[in-house]
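Structural characterization, general
What follows is each chain in one-letter form.
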Amino acid sequence: MQVVSTIAEVRAARPAFAQLGFVPTMGFLHEGHLSLIRRAKAACGAAAVSIFVNPTQFAPHEDLARYPRNLPRDLELAEAAGADLVFTPTPEEMYPPGFSTFIDPGLAHGAENAARPGHFRGVATVVAKLFGIMQPTLAVFGQKDAEQCVVIRKLVRDLDLPVTLDIAPTAREADGLAMSSRNSYLTPDQRAAAVVLIRALRAAEAVFAGGERDPEALRRTVLDILVQEPLGEVDYVALADLNSLEPLTAPAEAALLSLAVRFGHTRLIDNAILGAI
Ligand code: AMP
């Protein structure tokens, strides 16, 4: 496995791979990330991973400075998962003095976009840059970040980027909590309480399977469970169109159910796709 930190080094390494599956990450790798790396490797025969805590997708009050990092461990895990190339740029390598071009993906209706204004502008910009640097055949993203998947799909389509997208299912802990680097912030009490996210999503799935289609009734099902957990503070519960992210106002046969809940300073997100896709 080759580990490089400059764009010039990636350019030199890239021709060795006929096909390259790429997994962009912010590091502090867990099984969710590793499942993406294995998919990239299986599909392309070679896998590249970027580890970059991208400052442009964090608002000033967010957790950029304290985002968890452990590069030596990440490199061991990435190699064991089959990575051939790891790119670990500095912020200065990605955003040199004079950098001024940003990509705004629109999709302003999305609940996560509304909760984190400017977040997806930073995500779309860094992903477009990383695609330009790595020149992957395939890029793998996690369904855990459902709104991000919609944004990246739109980015690739709108800008005609020559890359195939693959979306991997959410990897979960034994009790159902979606794996996340941010889970490491949780106190033991908060960690135990966080299982309420998957309980609420599963309740909505069951109600949907029973025939309920009214978006407000489905939202209520989720909220009623979330508010029972005193350590969690609900940021949003949203039912949206799977492609446009517009909030649903009428019964629909398919929907993206997404939620964000705070436990102290830690904000967790999760989602479920209701209905056929
Ligand atoms: P991050 O390092 O959190 O920016 O995530 C990097 C990639 O891993 C994104 O495509 C995420 O959606 C994906 N990812 C994060 N957590 C999970 C998970 N629990 N299951 C599957 N993919 C995940």
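**Digging into the environment of alanine 238**
Looking at the element boundaries, alanine 238 is found in strand E7 (residues 232-240). Not counting chain neighbours up to four residues away, the residues in contact with alanine 238 comprise Ala111, Leu256, Leu257 and Ser258.

**Topic: the sheet that holds strand E3 (residues 47-51)**
Reading across from one edge, E1-E4-E3-E2-E5-E6 is the order of the 6 strands in this open sheet, with parallel pairing throughout. The sheet terminates laterally at strand E1 (2-4) and strand E6 (164-168), the two strands that pair on one side only. Pairs of neighbouring strands in the sheet enclose a mean axial angle of 25°, with direction left out of account. Relative to strand E4 (residues 85-87), E1 runs parallel, the two sharing 3 bridges. For valine 3, the partnering residue across the bridge sits in E4 and is valine 86. Relative to strand E5 (residues 138-142), helix H2 (residues 31-44) is tilted by about 155°, and along the sheet it contacts strand E2 (21-25), E3, E5 and E6.

**Side note on the packing of aromatic side chains**
Summed over the entire model, instances satisfying the criterion amount to 6 aromatic pairs. For the ring pair phenylalanine 22 and phenylalanine 131, a centre distance of 6.4 Å and an interplane angle of 75° mean the geometry is edge-to-face. Of this pair, phenylalanine 22 sits in strand E2 while phenylalanine 131 sits in helix H6 (residues 119-134), and the two are 109 residues apart along the sequence. Neither phenylalanine 22 nor phenylalanine 131 differs from the other in exposure class; each is buried. Relative to phenylalanine 141, the ring of phenylalanine 131 has its centre 6.4 Å away and its plane inclined at 70°; by these criteria the two rings are edge-to-face. Of the two residues, phenylalanine 131 is situated in helix H6 and phenylalanine 141 in strand E5; the sequence distance between them amounts to 10 residues.

**Focus: the domain arrangement of the protein**
Structurally, the protein comprises domain 1 (2-168) and domain 2 (181-271). The interface of domain 1 with domain 2 comprises 23 residues on the first partner and 19 residues on the second. Taken over both partners, the interface formed by domain 1 and domain 2 buries close to 1800 Å², and the fraction arising from carbon and sulfur atoms is 50%. Across the domain 1-domain 2 interface, the total number found is 2 salt bridges. A salt bridge links aspartate 63 to arginine 182; its shortest N-O distance comes to 2.8 Å.

**Some remarks on the sheet that holds strand E9 (residues 266-275)**
Pairing is antiparallel in the open sheet, where 3 strands are placed in the order E7-E8-E9. The open sheet is flanked by E7 and E9, the only strands paired with a single partner. For this sheet, the mean inter-axis angle between neighbouring strands, taken without regard to orientation, is 15°. Each of strand E8 (254-263) and E9 touches helix H9 (residues 196-209); the most contacted strand, E9, lies at about 15° to it.

**A short note on the site of the ligand**
Close to the ligand lie 16 residues, the nearest being Met26, His33, Asp145, Ala171 and Met179. At 2.8 Å, a side-chain N or O of histidine 33 approaches an oxygen atom of the ligand. Between aspartate 145 and the ligand, the recorded distance is 2.7 Å, taken from a side-chain N or O atom to an oxygen atom. Its free accessible area being 490 Å², the ligand has 93% of it covered by the protein chains. Elements that contribute at least two residues to the shell around the ligand include exactly E2, H2 and E5. Looking at the shell around the ligand element by element, the count peaks at 3 residues for H2. Here the shell around the ligand is composed, by residue class, of 7 nonpolar, 7 polar and 2 charged.

What counts, and at which threshold
- Residues numbered from 1 in each chain as written.
- Predicted model: local features only at pLDDT ≥ 70, side-chain atom pairs only at ≥ 80, totals over all residues.
- Heavy atoms only, no water.
- Helix = DSSP H or I, 4+ residues; strand = E, 2+ residues; numbered from the N terminus.
- Contact = heavy atoms within 4.5 Å.
- Pairing = 2+ DSSP bridges.
- Axes fitted to C-alpha atoms, helices over the stretch in contact; angles between N-to-C directions.
- Phe/Tyr/Trp six-rings, centres within 6.5 Å; stacked < 30°, edge-to-face > 60°.
- Buried < 20%, exposed > 50% of the residue type's maximum accessible area, 1.4 Å probe, protein only.
- Domains from an automatic or database assignment.
- Buried area = accessible area lost by both parts, 1.4 Å probe.
- Salt bridge = Lys/Arg side-chain N within 4 Å of Asp/Glu carboxyl O.
- Near = heavy atom within 4 Å.
- Polar contact = N/O pair within 3.5 Å; in protein donor to acceptor, adjacent residues only side chain to side chain.
- Areas by Shrake-Rupley, 256 points an atom, 1.4 Å probe, with all protein chains shown as cover.
- Nonpolar A, V, L, I, M, F, W, Y, C, P; charged D, E, K, R; others polar.

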